[in-house]
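Summary of the model geometry
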Amino acid sequence: MIEVICEDGVFKAKGSFSIGIAGTFVNADFDGEAIQFDEDLLDAILEDDELPFIESDNPDEIAKELAEYYNQKEREIAANAKQINDNILFYLFAEMERCEFPFWEIKETILPGYPEKYSANGDKNIAYRHEDICIDDLWDDFDEKPNNGTEEKPDVEALIRRLYPMFNLDGFIKSFKPEYLYLNGEYLSFQFSDGWGAQLACAVSGELDENFTFTDWHNH
């Protein structure tokens, strides 16, 4: 939950905001930099009536309305966390499959007990030898599709665990480090990296619209 104020025409947030496995973004005070607003948001709101949740022209009242809106969005994100998380995992693993990234060379990725063929000395064809499906086949289910519960989606997490039983998925997710959250009206953008050297998730940035559709995604 966040509080919002308007100072010198710029909105500022204090508190925390969670986006599933991407992490919890925290500003300890209103000068924090983890959660930021577009610096021109006030002008955009005063010049445009396309934000239905804004009913006032007073900056202080607008700040309160923004806090109510985003806190409600955070509750909706929590209610739809499965789809949002699966969409994040879909992008990460679809990209990994497309370039057959040698994830096994990162020592943290392989679970204990798996044979040498899944280690850094292993054969990548073993890791990517799948059944009749891969994560990259799911683009029509996830790319530019809402994650607000209005559409049924495949269970990406379960599929990853089936296709990559050697992969330390729980450890990978736990390593995610939230970096920033950027709020701009009905859109919110976030960035995170993994804690395993940021080779699999490097300054990952995603933008969500009001229906939690990913309108932008980058893994640098």
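Keep in mind that this is a model prediction, so the values were computed, not measured.

**What to know about the packing of helix α3 (residues 81–98) against helix α6 (residues 156–163)**
The interhelical angle for the contact between α3 and α6, taken along N-to-C directions, is 40°, at an axis separation of 8 Å. Here α6 runs oblique to α3, going by the angle between their axes. Across from Lys82, Asp86, Leu89, Phe90, Phe93 and Glu97 in α3, the residues of α6 making contact are Val156, Glu157, Ile160 and Leu163. For the contact of α3 with α6, the per-class residue count stands at 6 nonpolar, no polar and 4 charged.

**Describing the nonpolar core**
Side chains that are nonpolar tend, in soluble globular proteins, to be buried together. Counting residues in hydrophobic clusters, the biggest one holds 66 residues, and the most contacted among them are Phe11 and Phe93. Top element by residues in this core is α3. It accounts for 9 residues. Phe11 has contacts with Val4, Ile5, Cys6, Phe37, Leu41, Leu42, Ile45, Pro59, Ile62, Ala63 and Leu66, leaving out every residue within four places of it along the chain.

**Quick word on the environment of Lys12**
Along the polypeptide, Lys12 turns up in strand β2 (residues 10–18). A residue is classified by how much of its surface remains accessible, and Lys12, at 22% relative accessible area, is partly exposed. Between the C-alpha atoms of Lys12 and Phe25, which are 13 residues apart in sequence, the distance is 14 Å. Non-local contacts of Lys12, meaning those with residues more than four positions away in its chain, are made with Glu3, Val4, Ile5, Glu7, Phe30, Asp31 and Phe37. Here Glu7 takes part through its side chain, which lies 2.8 Å from a polar atom of the side chain of Lys12.

About the thresholds
Residues numbered from 1 in each chain as written. Predicted model: local features only at pLDDT ≥ 70, side-chain atom pairs only at ≥ 80, totals over all residues. Heavy atoms only, no water. Axes fitted to C-alpha atoms, helices over the stretch in contact; angles between N-to-C directions. Helix = DSSP H or I, 4+ residues; strand = E, 2+ residues; numbered from the N terminus. Parallel < 35°, antiparallel > 145°, perpendicular 65-115°, else oblique. Contact = heavy atoms within 4.5 Å. Nonpolar A, V, L, I, M, F, W, Y, C, P; charged D, E, K, R; others polar. Core = buried A, V, L, I, M, F, W, Y, C linked by side-chain atoms within 4.5 Å. Buried < 20%, exposed > 50% of the residue type's maximum accessible area, 1.4 Å probe, protein only. Polar contact = N/O pair within 3.5 Å; in protein donor to acceptor, adjacent residues only side chain to side chain.

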